[in-house]
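Working through the structure, step by step
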Amino acid sequence: MRLVSLSMLRPDMVLAKAIYYKDCLVLREGLSDLPRFAKSLRNLGIEYVYVSDPKSDGIVIPDAISEETRVNCKKILRQTIDDFETKTVVDISEMDGTINNIIDEILANPDVQISLNDISASDEYTFSHSVSTTVYSLLIAKDLGYNRQMLEKLAAGTLLHDFGKVLIDKKILNKKGVLSPEELEHVKQHTTLGYELLKKCPNLTELSRIIALQHHERMDGSGYPGGHMAGELHEFARIVAIADVYDALISDRCYRRKWSCNNAVNYLVEHAETKFDLKLVSILIKQIAIYPNGSMVRLSTNAMGIVKEQNKNFPLRPVIRVITNEKGNDIVPFELDLMKVLSITIMESELEMESLDKI
Ligand SMILES: [Fe+2]
């Protein structure tokens, strides 16, 4: 399996992960002749798909939670957001089952690597982002040794952390260009509005609500809405701040294309200690596959390959399935373990390359 952009779809590729749109199955796993669906997928705001093809045969991309749990959680979030818009009291007990499933799966997976990116349609971003941010937050909290009750409170608050956006003007939220200062101030209100909105849930604790209020605060006081410093920020908010930014960077947004995992990790490291909690950043990035399984890379020899598997504790030196020679011509694929051939390094990953469409 590998992740490819729509422009890379070829007739010999088979869909490796089903595509859903608003809870509906759009394309089922195993579908072939994919280029004919490219235009429709682009119209839905989907730019990447997971495929199987001879070049990626046998490559497994692990995920921290199952596809079933991810889809189910997004479905419940969509129902919950409707309740927030129409009811004065919102019962979120329906979320308990999905929260327990996410926590169970994360706790059962001792060596999880953050690898698989949710490639939902662009207008599904709020929901896919909520689930992914929750998964990353729980992985940090698990490493910190949180007990079950605290994991549940963290998950509930993280799943709802951006729900204040229901009260923000959709035209501004989906604007492609740069926001004006007034528009930016309006968007920033999703934190305070979200915190107040979550008071509609009698079964949500203050600990969970604080995430909505503080997830854009930064350790150096440069965040919003309060401009609070590190000591005033709850650990839940410091965790979610990191998970939220990481997922936003590696996702396509209406105003920019997604970043590579490598660049997103570099961003977190660059701002650790100033904007983010250094200890928490370290916990997250040690679990991130910098070059995820299934992603295309260019080697220092100029040959191209697909990442086949990770070498534990050496995220920059995975095992590569080399598929082209240094001139870009197809070759009989062979495996290259970068831990065994130290003279060869990865120069760039797929999202940093311009010429990838040729492969
Ligand atoms: Fe937010």
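What counts, and at which threshold
Residues numbered from 1 in each chain as written. Predicted model: local features only at pLDDT ≥ 70, side-chain atom pairs only at ≥ 80, totals over all residues. Heavy atoms only, no water. Disulfide = S-S within 2.5 Å. Buried < 20%, exposed > 50% of the residue type's maximum accessible area, 1.4 Å probe, protein only. Donors = N, O, S within 2.8 Å, 3.2 Å for Na, K, Ca; no water. Tetrahedral: all angles 85-135°; square planar, octahedral: opposite > 155°, others 65-115°. Domains from an automatic or database assignment. Contact = heavy atoms within 4.5 Å. Buried area = accessible area lost by both parts, 1.4 Å probe. Salt bridge = Lys/Arg side-chain N within 4 Å of Asp/Glu carboxyl O. Polar contact = N/O pair within 3.5 Å; in protein donor to acceptor, adjacent residues only side chain to side chain. Nonpolar A, V, L, I, M, F, W, Y, C, P; charged D, E, K, R; others polar. Phe/Tyr/Trp six-rings, centres within 6.5 Å; stacked < 30°, edge-to-face > 60°. Helix = DSSP H or I, 4+ residues; strand = E, 2+ residues; numbered from the N terminus. Pairing = 2+ DSSP bridges. Axes fitted to C-alpha atoms, helices over the stretch in contact; angles between N-to-C directions. Parallel < 35°, antiparallel > 145°, perpendicular 65-115°, else oblique. Left-handed = near helix turned anticlockwise from the far one by under 90°.

1. Structural notes on the state of the cysteines
Two cysteines form a disulfide when their sulfur atoms are joined by a covalent bond. Going through the model one piece at a time under the given rule, you end up with zero disulfides. Between Cys24, a free cysteine, and Cys73, which holds the nearest cysteine sulfur, the sulfur-to-sulfur gap is 17 Å. Classification of Cys24 as partly exposed rests on a relative accessible area of 47%.

2. A closer look at the coordination of the iron ion
The coordination sphere of the iron ion, as far as protein atoms go, consists of Asp162 (OD), His190 (NE2), His215 (NE2) and His216 (NE2), spread over 2.1 to 2.3 Å. Its four donor atoms give the iron ion angles of 85 to 175° at the centre, a pattern that matches the irregular case.

3. Details of the domain arrangement of the chain
Splitting the chain by domain gives domain 1 (2–56), domain 2 (67–285) and domain 3 (296–358). Its C-alpha centre places domain 2 at a distance of 33 Å from the equivalent point of domain 3. Of the residues lining the interface, seven residues belong to domain 2; the matching set on domain 3 comes to five residues. Taking both sides of the interface into account, the surface hidden between domain 2 and domain 3 amounts to around 440 Å²; carbon and sulfur atoms contribute 54%. Summed over the shared surface of domain 2 and domain 3, the number is zero salt bridges. Where domain 2 meets domain 3, there are zero residue pairs in polar contact (both at pLDDT 80 or more). Residue classes in the side of domain 2 that touches domain 3 are distributed as one nonpolar, four polar and two charged.

4. Some thoughts on the packing of aromatic side chains
Throughout the structure, instances matching the rule amount to five aromatic pairs. Note on Tyr146 and Phe236: the rings are 5.9 Å apart at their centroids and 35° apart in plane angle, and the pair reads as tilted. With Tyr146 in the loop between α4 (125–144) and α5 (148–159) and Phe236 in helix α10 (residues 235–249), this residue pair connects regions lying 90 residues apart in the sequence. Assigned by exposure class, Tyr146 and Phe236 land together as buried. Taken together, the ring pairs in this structure connect Trp259, Tyr267 and Phe276 into an aromatic cluster.

5. Topic: the pairing of strand β6 (residues 296–299)
Two faces make up the sheet, and in a regular strand the side chains alternate between them. Going residue by residue along β6, you find Met296 and Arg298 tucked away on one face and Val297 and Leu299 tucked away on the opposite face as well. The pairing of β6 with strand β7 (residues 304–309) spans three bridges and is antiparallel. Paired with Met296 across the two strands is Ile306, which belongs to β7. Linking β6 to β7, which pair antiparallel, is a turn of four residues; within it Asn302 sits at a positive phi near 80°.

6. Topic: the packing of helix α2 (residues 67–86) against helix α3 (residues 95–108)
The geometry of α2 relative to α3 is characterised by a closest axis approach of 10 Å and an angle of 150° between their N-to-C directions. Classed by the angle they form, the pair α2 and α3 counts as roughly antiparallel. As for how α2 packs across α3, the hand of that crossing is left-handed. Contacts between α2 and α3 pair Thr69, Asn72, Cys73, Ile76, Leu77 and Thr80 from the former with Met95, Thr98, Asn101, Ile102 and Glu105 from the latter. A per-class count over the contact of α2 with α3 returns five nonpolar, five polar and one charged.

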